[in-house]
Amino acid sequence: QVQLVESGGGLVQPGGSLRLSCAASGFTFFTFSSYAMSWYRQAPGKERELVAAITSADAITNYADSVKGRFTISRDNAKNTVYLQMNSLKPEDTAVYYCRADRSTPYRVYWGQGTQVTVSS
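Parameters at a glance
Residues numbered from 1 in each chain as written. Predicted model: local features only at pLDDT ≥ 70, side-chain atom pairs only at ≥ 80, totals over all residues. Heavy atoms only, no water. Salt bridge = Lys/Arg side-chain N within 4 Å of Asp/Glu carboxyl O. Buried < 20%, exposed > 50% of the residue type's maximum accessible area, 1.4 Å probe, protein only. Helix = DSSP H or I, 4+ residues; strand = E, 2+ residues; numbered from the N terminus. Disulfide = S-S within 2.5 Å.

**Some points on the pattern of salt bridges**
Turning to step 1, where the next piece is worked out: Under the definition given, this model contains 5 salt bridges.
Turning to step 2, where the next piece is worked out: Measuring nitrogen to oxygen at the nearest pair gives 2.7 Å for the salt bridge that ties Glu 49 to Arg 41.
Turning to step 3, where the next piece is worked out: The exposure class assigned to Glu 49 is partly exposed, which follows from its relative accessible area of 35%.
Turning to step 4, where the next piece is worked out: Given the relative accessible area of 6%, Arg 41 is considered buried.
Turning to step 5, where the next piece is worked out: Between Arg 41 and Asp 93 there is a salt bridge, with its nearest N and O atoms 2.9 Å apart. Of this pair, Arg 41 sits in strand S4 (residues 36-42) while Asp 93 sits in the loop between strand S8 (81-86) and strand S9 (95-103), and the two are 52 residues apart along the sequence.

Put into structure tokens, the structure is as follows:
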């Protein structure tokens, strides 16, 4: 049973930084490195949205326009961990941040339980 555990959330002032981590475990047939990893967020009253993603094989990254230039996604396949470095945080970044792992063949999708990020003075 694949498990994703996020950590690193908290309360930060506008302009501050946080680094989220997502530790993955429980892989049996397919290794962590074979999964594309992504971060989503969901603010109160809003739909869950993609924040950043990183591919499995060549670590190509993709970002939502709202976070480009401020957030960086990375992965450490040796540690089965994906990170989200968040700089220049704004109040509108406040949300629950979720980690997701997915692969296409065979299709598999796993979600973490989420970590709260609150940006407020």
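**Some thoughts on the state of the cysteines**
Turning to step 1, where the next piece is worked out: All chains considered together, the criterion is met by 1 disulfide.
Turning to step 2, where the next piece is worked out: The disulfide that involves Cys 22 links it to Cys 99, with 2.1 Å between the sulfurs. Disulfide Cys 22 to Cys 99: torsion about the S-S bond roughly -80 degrees, handedness left-handed. Taken together, the residues Cys 22 in strand S3 (residues 18-25) and Cys 99 in strand S9 connect sequence positions 77 residues apart.
Turning to step 3, where the next piece is worked out: For Cys 99, a relative accessible area of 0% translates into the label buried.

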